[in-house]
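Descriptive structure summary
Residues per chain are reported as follows:
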Amino acid sequence: MIDIGEQLTCPPEFESRRGVSWRHLVAGGIAGSISRTVTAPLDRLKVMLQVYGGKTEMNILTGLRTMIREGGFRSLWRGNGTSVVKIAPESAFKFAAYEEIKRLIVGDSGKEITVAERFAAGSVAGAFAQTAIFPMEVMKTRLAISKTGQYNGLMDCGLKILQKEGIRSFYRGYIPNLIGIIPYAGIDLAIYETLKQLYIRRHPDQKNPGVLVLLICGSVSSTCGQLASYPLALIRTRLQAQATDDARGGSVSLVRNILRTEGVKGLYRGLLPNFIKVLPAVSVSYVVYEHAKAVLGL
C-alpha cells in the first residue's frame, strides 16, 4: 500500500497469488508506516486547521507554534501511532477488495480493464476499507486535537469515547466520509493506474517504471482525488472532533454554518499543509516500498 498524502492506494502490480500478496502487503505496510511518521506533523496541523482554523484564524505557522507550546516538540506526532496501527487492516481490506472487484469485472475474458471500471473498483474498495477501520479514524482525530494528558494512548481514548458518548460516536462523520471516498479512491486509483499503464505502453523496453515515474503518477492522482473530496473530508473531521455545536447538529447544519461564517474557502481549510505533505509522503513511501519489495524478493 502506497501513501499518497491523504489515503493509501493500491499499486496495480499487486498480485493475489499465494506467497506474493502477503509480501506486497508487508512492503506496503512498512512504506506506509515510515511515510506517515515522517509527515505526521503536517497531518496533525491539517486536522487542527480543519477543526479550529475558522474560529481562531489559525494558520500554518501559528498552528505549529500552538502545538509545540502546548505539548512540546513530541506533540507534533500526537495521533501518529493510530495512523500507523490502522495501516495493516486498511491495506489488507483495500488490497483484497480492489483485486477481487477487478477480477469479477474482467472475468475470464482477459480484457484490459477500462478507466471507468478502475474508478468503480477503487471506489468500492475504498469504501469497504474505510467502513472497516472508521472507528480508528475517529480516535486518530480525537488524539490529534487533544491536549497533553487528555488521553493516555489509543486504548484509553477509545474507552473514554465509548463511556461518555456511546458506540455510535465511533461512526460520527461516516456518511460524508463514505460519500467522499468514492471520488477520492476512484479518481486516485483510476488516474494512477492509467498514467502508469500509459507510460508502460510508450516505453515497452522498460519492464517496470522507475521510482520517479511512480512518484509523479502518485502525486498527480493524489492531488486530483483530494481536490474532489476535500470538503467532505473536512466535514468528516469536524464531526469526528465534535468541536462545535454545529458539528453536533449533523452534516447539513455544519455545512450551512461554515458557508455562513467562513465562506466557500472554509471548506478547504488545511488544504495547503495537506498538499505540502504529498510530495514527501509519496517520495518516502515509494522509495521504501521499492526497497522493501526487493528485500522480500518481489
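Bear in mind the structure is a predicted one, so any value in this text is a computation, not a measurement.

Within the chain one finds 13 helices and two strands. Counting every position in the chain, which comprises 298 residues, the buried fraction comes to 50%. Taking all contacts inside the chain whose residues are at least 6 apart in sequence as the whole, residues at least 24 apart take part in 77%.

Attention now moves to the packing of helix α6 (residues 115-145) against helix α7 (residues 154-165). One can describe the packing of α6 onto α7 by two numbers: an axis separation of 10 Å at closest approach and a directional angle of 100°. Regarding the angle of α6 to α7, the classification is roughly perpendicular. Contacts between α6 and α7 involve Met136, Val138, Met139, Arg142 and Leu143 from the first element and Leu154, Cys157, Gly158, Ile161 and Glu165 from the second. When grouped by side-chain class, the residues that make up the contact of α6 with α7 number seven nonpolar, one polar and two charged.

What follows covers the pattern of salt bridges. What the rule picks out here adds up to eleven salt bridges. Taking the shortest distance from any N to any O, the salt bridge between Lys140 and Asp43 comes out at 3.5 Å. Highlighted residues: Lys140 in helix α6 and Asp43 in helix α2 (residues 40-56), separated in sequence by 97 residues. Overall, Lys140 belongs to the buried group, its relative accessible area being 11%. Salt bridges here are not isolated pairs; linked through shared partners, they connect Asp43, Lys46, Lys86, Glu137, Lys140 and Lys277.

Following the criterion strictly, the structure yields five aromatic pairs and no others. Plain terms: the ring middles of Phe134 and Tyr171 are 5.8 Å apart, the flat faces sit at 20° to each other, and that makes the pair stacked. One end of the pair, Phe134, is in helix α6; the other, Tyr171, is in the loop between α7 and α8 (174-202), with 37 residues separating them in the sequence. Aromatic ring contacts, followed pair by pair, group Phe134, Tyr171 and Tyr174 into a single cluster.

Further remarks concern the packing of α6 against α8. In contact at an axis separation of 7 Å, α6 and α8 are set at 135° when each is read in the N-to-C sense. Viewed along their axes, α6 and α8 adopt a mutual orientation that is oblique. Crossing of α6 over α8 shows right-handed handedness. Of the residues belonging to the contact of α6 with α8, the class tally is 13 nonpolar, nine polar and two charged.

As for its placement among the helices and strands, Ser83 is situated in helix α4 (residues 80-85). Ser83 sits in the buried class, given a relative accessible area of 5%. Setting aside chain neighbours within four positions, we find Ser83 in contact with Arg36 and Lys140.

Below, the discussion takes up α6. Owing to its 3.6 residues per turn, the α-helix brings residues three or four apart onto one side. In a regular helix each residue adds 1.5 Å, so 31 residues correspond to 45 Å; α6 covers only 38 Å between its end C-alpha atoms and thus falls short of that length. Taking the largest bend as the criterion, α6 deviates by roughly 60°, centred on Ile133, and proline Pro135 comes between one and four positions later. Summarising burial for α6: 22 of the 31 residues are buried, a large majority.

Among the nonpolar cores identified, the biggest contains eleven residues, and these are Leu45, Val47, Met48, Leu49, Val51, Met58, Met67, Leu76, Ala144, Ile145 and Ala241. Put simply, the parts of the chain that give this core at least two residues each are α2 and α6. When neighbours within four sequence positions are excluded, Leu76 is seen to be in contact with Ala40, Pro41, Arg44, Leu64, Met67 and Ile68. Grouped together as the second largest cluster of nonpolar side chains are ten residues, Val138, Tyr151, Ile161 and Phe170 included.

On the surface, a cluster of nonpolar side chains totalling about 290 Å² of accessible area is made up of Val26, Ile30, Ile34 and Val38. By secondary structure assignment, the location of Ile30 is in helix α1 (residues 21-38).

You can see Arg172 is positioned in the loop between α7 and α8. In this structure Arg172 comes out as partly exposed when scored by relative accessible area, which is 25%. Between the C-alpha atom of Arg172 and that of Ser251, which follows or precedes it by 79 residues, the distance is 9.9 Å. Residue contacts for Arg172: discarding those within four places in its chain leaves Phe134, Val138, Leu239, Gln240 and Gln242.

Calculation rules
Residues numbered from 1 in each chain as written. Predicted model: local features only at pLDDT ≥ 70, side-chain atom pairs only at ≥ 80, totals over all residues. Heavy atoms only, no water. Helix = DSSP H or I, 4+ residues; strand = E, 2+ residues; numbered from the N terminus. Buried < 20%, exposed > 50% of the residue type's maximum accessible area, 1.4 Å probe, protein only. Contact = heavy atoms within 4.5 Å. Axes fitted to C-alpha atoms, helices over the stretch in contact; angles between N-to-C directions. Parallel < 35°, antiparallel > 145°, perpendicular 65-115°, else oblique. Nonpolar A, V, L, I, M, F, W, Y, C, P; charged D, E, K, R; others polar. Salt bridge = Lys/Arg side-chain N within 4 Å of Asp/Glu carboxyl O. Phe/Tyr/Trp six-rings, centres within 6.5 Å; stacked < 30°, edge-to-face > 60°. Left-handed = near helix turned anticlockwise from the far one by under 90°. Expected span 1.5 Å × (residues − 1). Bend = angle between axes of the 7 residues up to and from the residue. Core = buried A, V, L, I, M, F, W, Y, C linked by side-chain atoms within 4.5 Å. Patch = residues over 30% accessible without salt bridge, like charges linked within 9 Å, V, L, I, M, F, W, Y side chains within 5 Å. Areas by Shrake-Rupley, 256 points an atom, 1.4 Å probe, with all protein chains shown as cover.

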